[in-house]
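# Overview (structure and organization)
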Amino acid sequence: MHSGDFMRLDKYLKVSRLIKRRTVANEACDAGRVMINGRPAKASAEVKVGDQITISFGNREVKVEVTAVAETTRKEDAKDLFKYV
């Protein structure tokens, strides 16, 4: 994949396994618990390499930087799509 690639946020969250199911990713976005580069993001928002995604899970927050986007990934490779910041 080259750096010009974009992916819908809900799909990225599922493929990267940051959130296991797309429906859950959608709900998190609808509830305002997912941000891209510090701004609340809809499920349909596009993510690209270099974007920072912050997800609020109850009382803890996960912040990652997108290092790759891929349509599909094996479970053991999912961690290669982002790094924790």
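Now for a description of the structure that goes with this document. (Residues numbered from 1 in each chain as written. Predicted model: local features only at pLDDT ≥ 70, side-chain atom pairs only at ≥ 80, totals over all residues. Heavy atoms only, no water.)

## Quick notes on the overall build of the protein chain
- Across its full length, the protein chain holds two helices and seven strands.
- Moving toward the C terminus, one meets the helices and strands of the protein chain in the order β-α-α-β-β-β-β-β-β.
- Each principal axis of the C-alpha distribution contributes one length, and for the protein chain these read about 30 × 25 × 25 Å.
- Across the 85 residues of the protein chain, 35% fall into the buried class.
- Just so you have it, the protein chain exposes about 5200 Å², and 49% of that area is on carbon and sulfur atoms. (Helix = DSSP H or I, 4+ residues; strand = E, 2+ residues; numbered from the N terminus. Buried < 20%, exposed > 50% of the residue type's maximum accessible area, 1.4 Å probe, protein only. Areas by Shrake-Rupley, 256 points an atom, 1.4 Å probe, with all protein chains shown as cover.)

## Examining the environment of Asp-5
- Summarising the element assignment, Asp-5 is placed in the segment before β1 (7–8).
- When the C-alpha atoms of Asp-5 and Ala-68 are compared, they prove to be 8.8 Å apart, with 63 residues separating the residues in sequence.

## Structural notes on the sheet that holds strand β7 (residues 82–84)
- With antiparallel pairing, the five strands of this open sheet are ordered in space as β3-β2-β5-β6-β7. In the strand order of this sheet, the two ends are held by β3 (39–40) and β7, each with one partner.
- Pairing geometry for strand β2 (residues 34–36) and β3, over two bridges, is antiparallel. Of the residues in β3, the one forming a bridge with Met-35 is Pro-40. (Pairing = 2+ DSSP bridges.)

## A look at the nonpolar core
- If you look at the biggest cluster of nonpolar residues, it comprises 24 residues, and the most contacted ones within it are Leu-9, Tyr-12, Leu-13, Val-34 and Ile-53.
- When contributions to this core are tallied by element, the ones reaching two or more residues are α1 (9–15), α2 (22–30), β2, β5 (52–57) and β6 (60–66).
- Considering every element that reaches this core, the biggest residue donor is α1, with four residues.
- Contact partners of Ile-53, with chain neighbours within four places excluded, come to Leu-9, Tyr-12, Leu-13, Val-34, Met-35, Ile-36, Val-47, Val-62, Lys-63, Val-64 and Val-66. (Core = buried A, V, L, I, M, F, W, Y, C linked by side-chain atoms within 4.5 Å. Contact = heavy atoms within 4.5 Å.)

## What about the pairing of β5?
- Examined bridge by bridge, β2 and β5 share three bridges and lie antiparallel to one another. Among the inter-strand pairings, Ile-36 is bridged to a residue of β5, identified as Ile-53.
- Sheet analysis places β5 next to β6, joined by six bridges and oriented antiparallel. Bridge pairing in β6 places Gln-52 opposite Glu-65.

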